[in-house]
Amino acid sequence: MTECTIVAPATGWVGPLTEAPDPVFADLIMGDGLLLDPTEGELRAPCAGEVIGVARTRHSVTMRAHNGAEILLHVGIETVALDGEGFTVHVHEGQSVDAGEPLLSFDLNILAAQAKSLVTPIVIANSDDYEITRRVGDCSIASGDFLMALRRISLKVGVDSELTASEVLEKGASVSGKVVIPLEHGIHARPAARLVEVTKKFQSQIILSSRERGVNARSPVALMGLGTRFGDEVMVSATGADAEAAVQEIIAQISAGLGEALGSSASNALAAKGIGSKTQPASGPKANIEPVALDGSGIVNGTTGAPGLCIGAIVQYRSQEFDVPEQGAGAKEERRAFTLAMEGVRKNLTQAAKGAVGEQQEILTAHLALLDDPVLFERADALINVGKGAGFAWRTASREQAAVLSATGDPLMAERASDLLDLEMQFLGALSGNDEGDDAHIQSGMIIIAEDLLPSQFIRLADKNIGGIATAGGGPTSHVSILAASKGIPLLTAVGPRLLTIPDRTSAILEADQGRMQIAPSMEQSSLAQQAITTRRSNQAAAQSRAHEECFTADGVRIKVFANLGASNEATAAVNNGAEGCGLLRSEFLFLGRATPPSEDEQYTEYQKIADGLDGRPLVIRTLDIGGDKPAPYIDIPEEENPALGLRGIRVSLRQPDLLKTQFRAILRVKSSAPIHIMLPMVVALDELRESRCILDDARDELGVIKPTSLGIMIETPASAVLADSLSREADFFSIGTNDLTQYVLAVDRGNPAVAGKVDGLHPAVLRMIKGSVEAANASGKWVGVCGALAADLSAAPVLIGLGVTELSSTAARLPELKAFIRTINYSDCQSVAQTSVNLHAPTEVRELVRSAWAHLAEWT
């Protein structure tokens with residue numbers, strides 16, 4: 001059979017495909033066909049045949065007629081963005097259907113309101129092999145009426161569209177490479193058509209494979225049927241004379257997005273941070289966003305990233321834009337430029353890291369470690385080899401890896417993705433000879449607004465003594481929030497795009513503690529804010545004067561206030577701010593940015609320096625906490641589909657027990673007049689604690705240690721909180737990591753600006769987890785501390801204390817105020833408020849309850 005008749009799949013109006021409001025269809029890139037504007041919400045089979053493709057988002061179906069013609073029925077334009085909303089599919093791939101049999105139904109009202117257009121392309125996807133011999137003209141048509149007739153013009157019946165994984169290997173692909181899909185909706189009709197156009201430049205056979213399936217890259221139907229999603233890794237394989245060039249070009253085109261929007265996680269990390277090249281639109285307010293009022297009534301709300309209050313003039317920070325040409329000037333010249341730019345970035349980071357402390361030093365060290373990532377260098381070098389420019393090569397390599405990390409949903413991976421994007425900007429700046437940033441117009445005391453900030457941008461701005469920062473995206477546990485808190489710079493995050501409508505030089509009052517910013521305030525409002533600032537400064541001075549005193553509530557209950565540390569040179573500064581000990585030493589500073597693990601002696605020396613700096617105060621050392629982003633090349637972590645639920649924390653250490661024992665031995669050697677505690681991260685099961693204790697006991701035996709060693713765990717997952725009763729019987733103490741616990745309990749990615757505003761550790765669900773953990777620990781006679789961001793939140797302090805937490809470990813800069821505020825509250829009141837809080841419905845209700853109970857909190861926050 002070489003001809004078949006295609007009938008109308010729905011009632012409506014028919015017109016030429018060239019009138020489709022999408023060039024992929026209108027220019028017949030996808031294939032020849034007709035355009036149907038449906039007046040009913042059901043699509044039926046236009047002929048007898050087999051269903052060979054159903055879009056994951058349910059907006060399209062592809063059939064193969066008995067003569068081999070492949071017919072794509074694509075309901076609406078850009079309906080893939082609805083992600084299946086309003087669609088119901090009645091068939092499945094491989095199903096045989098008769099003409100007129102229902103394929104899918106759709107809600108016309110939803111599509112009319114949300115889709116770009118309802119017009120439905122009916123396309124012959126393998127038009128190179130088939131021609132339309134007859135077709136109707138512009139007219140109304142009923143379902144089942146004649147639409148067009150097809151005749152096969154090629155001797156072959158379609159393309160060899162699908163292969164199994166073993167068949168891909170049997171093909172003996174001479175060249176292959178992997179790429180991560182950065183597209184918001186995977187490879188759907190439009191990017192599939194564009195990808196097919198790319199393949200036409202090459203003679204080689206080209207195959208895309210994913211999840212044990214391989215498809216011919218010259219078949220748009222097969223590409224759509226592969227069912228890729230954002231963040232999927234696919235293999236591009238080719239056999240033929242130009243195979244290497246084909247693979248590199250296809251990988252580069254997919255990485256660049258094939259003209260489509262980047263996936264949500266990647267675009268949050270790219271566009272939301274204002275990162276762009278001159279081929280991308282510059283950041284700025286959107287035309288359809290209502291601007292903030294400038295008559296004194298305008299207020300924007302967000303999430304507290306770092307506490308504080310300031311008054312200043314607003315100025316918008318815009319990331320630099322760089323020309324990033326795809327084609328290079330020859331491999332030799334591009335490799336030379338690449339090397340020089342990379343050396344410049346490395347030199348700048350090394351110098352900055354030497355003078356940094358704490359979180360800033362950790363972040364800069366992590367950036368240096370990423371510069372040594374062989375995967376990034378190999379990928380960039382391969383692109384330079386096929387003629388790409390140095391900037392394009394590094395950007396492509398960085399964004400591919402960033403997409404992989406962002407797609408995991410793991411906040412640690414999201415921060416690593418952000419680090420990659422930060423390095424991309426630094427590299428492009430060095431490559432262009434302009435690595436100083438575009439911030440000459442920013443002056444002391446100004447309030448910076450931006451879509452988001454990268455750590456390197458924040459560090460540069462902080463050096464200008466700015467007043468505060470507000471960002472449209474971001475979140476309270478991002479790198480920038482941590483940096484801002486450590487430097488005492490007020491930061492408001494997740495404000496939304498309205499923020500960017502505020503003109504430069506507009507005056508504002510930034511109340512980061514309250515999660516809001518007053519725009520163009522009146523003289524009276526400014527005067528009141530200035531009085532509040534004066535009161536705070538007075539309170540801070542008084543708090544600093546008593547910082548070295550032990551902390552008790554007003555009714556005499558002892559609360560220990562410790563500091564979180566991340567380097568040996570931080571201990572003295574923390575003690576000067578009133579730290580009564582260290583509640584969390586992040587030992588990763590010893591393990592990152594190096595090719596081999598630190599020796600026992602090296603670790604011992606650094607731990608001893610910290611113990612000496614604490615001068616007889618307790619020290620809690622957390623064992624190595626590294627996730628699946630592989631920042632340490634000597635730690636073998638297999639590639640994981642979801643590192644958030646894979647090898648993290650103690651699981652990594654238990655896979656390399658010799659590494660854990662070395663760390664235990666170094667800690668056991670530390671001499672101090674105060675207790676030295678060891679804390680295990682991400683423990684979710686009792687056997688992990690038991691296995692770790694066995695390794696610790698071996699280390700104790702080897703060193704002849706007789707004195708008991710305190711071994712506790714972090715409560716930072718729902719599993720550990722639920723199992724707190726059994727864990728508390730064998731752990732010596734609990735320390736609650738509220739950052740991870742909050743994001744796991746609330747199922748929100750703290751690195752995703754779209755939901756970052758929902759990350760609040762005072763959510764009653766989180767508080768119930770804390771309450772249960774404390775009660776379990778108390779029943780076993782164990783103490784409980786909190787070392788997450790919530791410990792630095794003055795509004796949270798009374799609730800945590802009321803729940804039974806006896807130790808708060810915060811950033812050093814916050815300690816004087818935290819101790820001073822605790823001295824003004826009664827423990828009995830804390831218990832009452834805490835009990836009420838766990839029965840509320842939202843964190844906003846909890847915060848309002850705290851403020852009503854302690855009105856003087858406004859003098860501090």
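Predicted model only: the values in this text are computed from it and were never measured.

> Help me out: how do you make sense of the overall build of the protein in this one?
On a plain count of helices and strands, the protein comes out with 28 helices and 37 strands. Counting contacts in the protein only where the partners sit at least 6 residues apart, residues at least 24 apart contribute 72% of the total. Entry remark: accessible area of the protein is about 32,700 Å², with carbon and sulfur atoms responsible for 50%.

> Could you clarify how one ought to interpret the packing of aromatic side chains in this entry?
Describing an aromatic ring pair means giving the distance of the ring centres and the angle of the ring planes. Counted under the stated rule, the structure contains seven aromatic pairs. Seen from their ring centres, Trp394 and Phe427 are 5.6 Å apart, and the 40° between their planes marks the pair as tilted. With a gap of 33 residues between them, Trp394 in helix 11 (residues 390–407) and Phe427 in helix 12 (residues 411–432) connect regions that are remote in the sequence. Taken as a pair, Trp394 and Phe427 share a single burial class, namely buried. Chaining the aromatic ring pairs together yields one cluster made of Phe338, Phe377, Trp394 and Phe427. The positively charged end of Arg558 is found above the aromatic ring belonging to Phe552, 5.5 Å away from the centroid. Residue placement shows Arg669 over the ring face of Tyr604; its charged tip is 4.4 Å from the ring centre.

> How should the pairing of strand 2 (residues 12–16) be read in this particular structure?
Looking down a regular strand, the side chains alternate between one sheet face and the other. Bridge analysis of strand 2 against strand 13 (residues 139–141) gives three bridges, and the strand direction is antiparallel. Paired with Gly12 across the two strands is Ile141, which belongs to strand 13. Here five bridges tie strand 2 to strand 3 (residues 32–38), and the two strands are oriented antiparallel to one another. Bridged to Trp13 within strand 3 is Asp37.

> Please clarify how helix 26 (residues 815–822) should be interpreted in this entry.
What sets the pattern is the α-helix's 3.6 residues per turn: residues three or four places apart point alike. Most of helix 26 sits inside the fold, with eight of its eight residues counted as buried. Three or more residues of helix 26 are buried, namely Leu815, Pro816, Glu817, Leu818, Lys819, Ala820, Phe821 and Ile822. Looking at the packing, one finds that the buried side of helix 26 touches helix 15 (523–545), strand 30 (560–565), helix 16 (571–576), helix 25 (797–802) and strand 37 (807–810).

> Mind showing me how you'd approach the packing of helix 27 (residues 827–837) against helix 28 (residues 843–853) here?
Geometry of a packed helix pair, given as the angle between the helix axes and the separation of the axes. Running from N to C, helix 27 and helix 28 point in directions that differ by 160°, and their axes come no closer than 10 Å. Accordingly, the angle class assigned to the pair helix 27 and helix 28 is roughly antiparallel. The hand of the helix 27/helix 28 crossing is right-handed. Every residue of helix 28 that contacts helix 27 at Val833, Thr836 and Ser837 is listed here: Val846, Leu849, Val850 and Ala853. Taken together, the residues of the contact of helix 27 with helix 28 sort by class into five nonpolar, two polar and no charged.

> Where do I start with the sheet that holds strand 1 (residues 3–7) in this structure?
Ordered by their spatial adjacency, three strands build an open sheet running 1-14-12, and the pairing between neighbours is antiparallel. Edge positions in the sheet fall to strand 1 and strand 12 (130–135), since each of these pairs with one other strand and no more. Here the average twist between neighbouring strands, direction ignored, is 30°. Pairing between strand 1 and strand 14 (residues 146–152): five bridges, direction antiparallel. Paired with Val7 across the bridge in strand 14 is Phe146.

> Could you clarify how one ought to interpret the sheet that holds strand 6 (residues 60–65) in this entry?
Across a sheet, paired strands are connected by hydrogen bonds in the backbone, their directions being either parallel or antiparallel. Strand order in the open sheet formed by eight strands is 9-5-6-7-11-3-2-13, with antiparallel pairing between adjacent strands. Looking along the sheet, the strands with just one partner apiece sit at the ends: strand 9 (96–97) and strand 13.

> How should the packing of helix 13 (residues 455–462) against helix 14 (residues 479–487) be read in this particular structure?
At a minimum axis separation of 9 Å, helix 13 and helix 14 run at an interaxial angle of 25°. With respect to helix 14, the axis of helix 13 lies roughly parallel. When you trace helix 13 past helix 14, the crossing you get is right-handed. Contact with helix 13, carried on its side by Pro455, Phe458, Ile459 and Ala462, involves His479, Val480, Leu483, Ala484 and Lys487 of helix 14 and no other residues of that element.

> Is there a simple way to think about the environment of Arg814 in this case?
Structurally, the position occupied by Arg814 is in the loop between strand 37 and helix 26. Take Arg814: its relative accessible area is 9%, and that puts it in the buried class.

> I'm lost on the side chain of Asn126 in this one. Help?
By the secondary structure assignment, Asn126 is in the loop between strand 11 (120–124) and strand 12. Looking at Asn126, its side chain comes within polar contact range of the main-chain oxygen of Gly68, at 3.1 Å. Here the side chain of Asn126 touches Glu70 through a polar contact of 3.0 Å, landing on its backbone nitrogen.

> Help me out: how do you make sense of empty space enclosed by the protein in this one?
Scanning the model with the defined rule gives five cavities of 30 Å³ or more in all. Its boundaries defined by the atoms lining it, the second largest cavity holds a volume of some 180 Å³. Taken together, 18 residues make up the lining of the second largest cavity; nearest its centre are Ala55, Arg56, Ile187, His188 and Met224. Going through the elements one at a time, strand 5 (49–54), strand 6 and helix 5 (220–225) are the ones with two or more residues in the lining of the second largest cavity. Among the elements that line the lining of the second largest cavity, the one with the most residues is helix 5, at three residues. Considered class by class, the residues forming the lining of the second largest cavity number seven nonpolar, ten polar and one charged.

> Where do I start with the environment of His677 in this structure?
Among the structural elements, His677 can be located in strand 33 (residues 676–680). Spatially, the C-alpha atoms of His677 and Leu584 are 9.7 Å apart, while their sequence positions differ by 93 residues. If near-sequence neighbours (up to four positions away) are discounted, His677 is found in contact with Leu619, Val620, Ile621, Ser710, Phe733 and Trp783. For His677, the side chain forms a polar contact with the side chain of Ser710, separated by 2.8 Å.

> Could you clarify how one ought to interpret the pattern of salt bridges in this entry?
Side chains that differ in sign of charge can pair as their charged atoms come close. Under the criterion given, the structure shown has 33 salt bridges. Salt bridges linked by common partners bring Glu600, Asp601, Lys661, Arg665, Arg669 and Glu702 together as one network.

> Sorry, what's going on with helix 10 (residues 374–385) here?
Its twelve residues place the ends of helix 10 16 Å apart at the C-alpha level, agreeing with the 16 Å of an ideal helix rising 1.5 Å per residue. Of the positions making up helix 10, those classed as buried are Leu376, Arg379, Ala380, Leu383 and Ile384. Projected down its long axis, helix 10 carries its buried residues within an arc of 140°, all on one side. Remark: Gly387 follows helix 10 within two positions and exhibits a positive phi of approximately 100°.

> Just to check I follow, could you spell out the environment of Leu767 for this structure?
Looking at where Leu767 falls in the secondary structure, it is placed in helix 24 (residues 764–779). You can call Leu767 buried: its relative accessible area is 0%. For the pair Leu767 and Ser837, spaced 70 residues apart in sequence, the C-alpha separation works out to 7.8 Å. Among residues more than four places away in sequence, those in contact with Leu767 are Gly761, Leu762, Val799, Leu803, Ser837, Val838 and Val846.

> Sorry if this is basic, but what is going on with unusual backbone geometry here?
Backbone geometry follows two general trends: most residues other than glycine have a negative phi, and most peptide bonds adopt the trans configuration. Even without glycine at this site, Arg58 takes up a positive phi of about 65°. Turning to its location among the elements, Arg58 is positioned in the loop between strand 5 and strand 6. The backbone of Ala520 shows a phi angle near 50°, a positive value even though the residue is not glycine. Considering the arrangement of structural elements, one finds Ala520 in the loop between strand 29 (516–519) and helix 15. Residue classification places Ala520 among the buried residues on the basis of a relative accessible area of 17%.

> What's the story with the confidence of the model for the protein in this structure? I'm lost.
Mean pLDDT over the protein works out to 83, with 86% of the residues at or above the 70 mark. With pLDDT under 50 throughout, residues 156–169 is counted as low confidence; its partners more than four residues away or in other chains account for 35 contacts. Low confidence marks residues 263–287, where pLDDT is under 50. Its contacts with residues over four positions away, or in another chain, come to 60 contacts.

> Teacher, can you tell me more about the side chain of Gln457 here?
With respect to the helices and strands, Gln457 occurs in helix 13. Look at Gln457 and you get buried, because its relative accessible area is 4%. Setting aside anything within four residues of it in sequence, one finds Gln457 in contact with Tyr317, Ser319 and Asp452.

Parameters at a glance
Residues numbered from 1 in each chain as written. Predicted model: local features only at pLDDT ≥ 70, side-chain atom pairs only at ≥ 80, totals over all residues. Heavy atoms only, no water. Helix = DSSP H or I, 4+ residues; strand = E, 2+ residues; numbered from the N terminus. Contact = heavy atoms within 4.5 Å. Areas by Shrake-Rupley, 256 points an atom, 1.4 Å probe, with all protein chains shown as cover. Phe/Tyr/Trp six-rings, centres within 6.5 Å; stacked < 30°, edge-to-face > 60°. Buried < 20%, exposed > 50% of the residue type's maximum accessible area, 1.4 Å probe, protein only. Lys NZ or Arg CZ within 6 Å of the ring centre and 35° of its normal. Pairing = 2+ DSSP bridges. Axes fitted to C-alpha atoms, helices over the stretch in contact; angles between N-to-C directions. Parallel < 35°, antiparallel > 145°, perpendicular 65-115°, else oblique. Left-handed = near helix turned anticlockwise from the far one by under 90°. Nonpolar A, V, L, I, M, F, W, Y, C, P; charged D, E, K, R; others polar. Polar contact = N/O pair within 3.5 Å; in protein donor to acceptor, adjacent residues only side chain to side chain. 1 Å grid on protein atoms, 1.4 Å probe; cavity = no way out; pocket = protein on both sides within 12 Å on 5 of 7 lines; lining within 4 Å. Points joined across faces, edges and corners; volume = space filled by probe spheres on them. Salt bridge = Lys/Arg side-chain N within 4 Å of Asp/Glu carboxyl O. Expected span 1.5 Å × (residues − 1). Arc of directions from axis to C-beta. pLDDT = per-residue confidence, 0-100.

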